[in-house]
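# Summary of the model geometry
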Amino acid sequence: MTDDRITAALTEAIATACRVMAAGGLVEHVLGHISARAGDHHLLVRCRGPREAGLSRTRPEDIKLVPIQGPAGDLDGWTPPNELPIHTGVLRRRPEVTAVAHAHPPAVVTHSLLDEPLLPVYGAYDIPGARMAAGGIPVWSRSALVTTDELAGAMAEAMGDRPVVVLRGHGVVSAAGGDDPVAAVRTAVLQAFALDTLARVTLAVRQAGGTPRAIGDDDLAGLPDLGGGFNVETMWRHLLTRLPAAD
Ligand SMILES: [Zn+2]
């Protein structure tokens with residue numbers, strides 16, 4: 001494919017992924033954004049347009065090309081998200097990362113306020129989430145709006161090389177890599193879904209009067225990696241069926 005066709009496909013993928021995040025309850029109203037690396041010096045990112053109507057109404061024209069370093073420049077009436085440094089900060093610091101998703105899932109935010117780690121409380125119920133939790137889900141203790149590279153750097157440091165980081169009292173940042181940027185966008189969103197599921201189940205255990213505990217090492221070790229074909233492609237097709245019809 002030509003560079004233009006790759007950019008068009010990635011733009012469409014980011015716009016669809018924004019609508020998937022909204023339809024899945026990972027964002028409330030207009031907040032949240034997704035980006036993908038586009039060449040060595042730029043990223044495609046969901047911006048806010050003159051007719052902004054929320055993430056559930058994201059269109060391809062809301063996705064703009066901006067530099068990883070320096071000011072975004074004239075975007076023809078659109079403005080980059082205030083938290084653009086979340087995306088540029090992670091992409092600059094982690095060369096293996098291709099896509100970044102930022103969302104404010106209410107259950108993740110609520111759980112973060114308990115100041116307890118998210119544990120692999122289940123196994124086969126949601127294998128990607130269990131494996132992610134087993135590897136550790138870091139928390140950045142700040143609840144600030146991430147508008148500077150300094151804040152983004154501290155956040156990225158808390159994230160380390162993990163796929164997700166919980167921003168206490170704020171939301172989640174999810175990052176994915178690989179050669180296929182469209183697959184990376186979907187993977188980043190699916191990781192945020194897995195985190196949301198884990199937070200919702202953990203909160204339900206607490207609300208029922210129980211104590212969330214990690215499942216045993218034997219059960220964790222026995223969970224297979226089902227691979228991207230099932231975890232990403234099949235799950236993505238399912239999530240697309242839950243999108244409301246375009247207006
Ligand atoms: Zn935010």
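Look a little higher up for the structure.
Residues numbered from 1 in each chain as written. Predicted model: local features only at pLDDT ≥ 70, side-chain atom pairs only at ≥ 80, totals over all residues.

Moving on, we come to the environment of Val201. Among the secondary structure elements, Val201 is positioned in helix α6 (residues 181-207). For the pair Val201 and Arg162, spaced 39 residues apart in sequence, the C-alpha to C-alpha distance is 21 Å. Sequence-distant contacts of Val201, that is, excluding residues within four places in its chain, are made with Val121 and Tyr122. (Helix = DSSP H or I, 4+ residues; strand = E, 2+ residues; numbered from the N terminus. Contact = placed C-beta atoms within 7 Å.)

Here we take up the pairing of strand β2 (residues 42-46). β2 sits mainly inside the fold: 4 of its 5 residues count as buried. Where strand β1 (residues 33-38) lies against β2, 4 bridges are found, and the strand directions are antiparallel. In the sheet register, Ser35 faces β2, and the bridge partner there is Val45. In textbook terms, the turn of a hairpin is the stretch between consecutive antiparallel strands, and for β1 and β2 this stretch comprises 3 residues, one of which, Gly39, has a positive phi near 80°. In the sheet, β2 pairs with strand β3 (residues 63-67) via 5 bridges, with the strands oriented antiparallel. (Buried ≥ 20, exposed ≤ 12 C-beta atoms within 10 Å, placed from the backbone. Pairing = 2+ DSSP bridges.)

Attention now goes to the sheet that holds β3. Hydrogen bonds along the backbone pair up the strands of a sheet, which may run parallel or antiparallel. The 7 strands are arranged β3-β2-β1-β4-β7-β6-β5 in an open sheet whose pairing can be described as mixed. Each of the sheet's edge strands pairs with one partner strand only, and the pair in question is β3 and β5 (139-140). Bridging between β5 and strand β6 (residues 164-167) involves 2 bridges; their strand directions are parallel. Across the sheet, Trp140 pairs through a bridge with Leu167, a residue of β6. Relative to β1, helix α1 (residues 3-23) is tilted by about 160°, and along the sheet it contacts β1, β2, β3 and β4 (97-103). (Axes fitted to C-alpha atoms, helices over the stretch in contact; angles between N-to-C directions.)

Remember, this is a structural readout, not a statement about activity or role.
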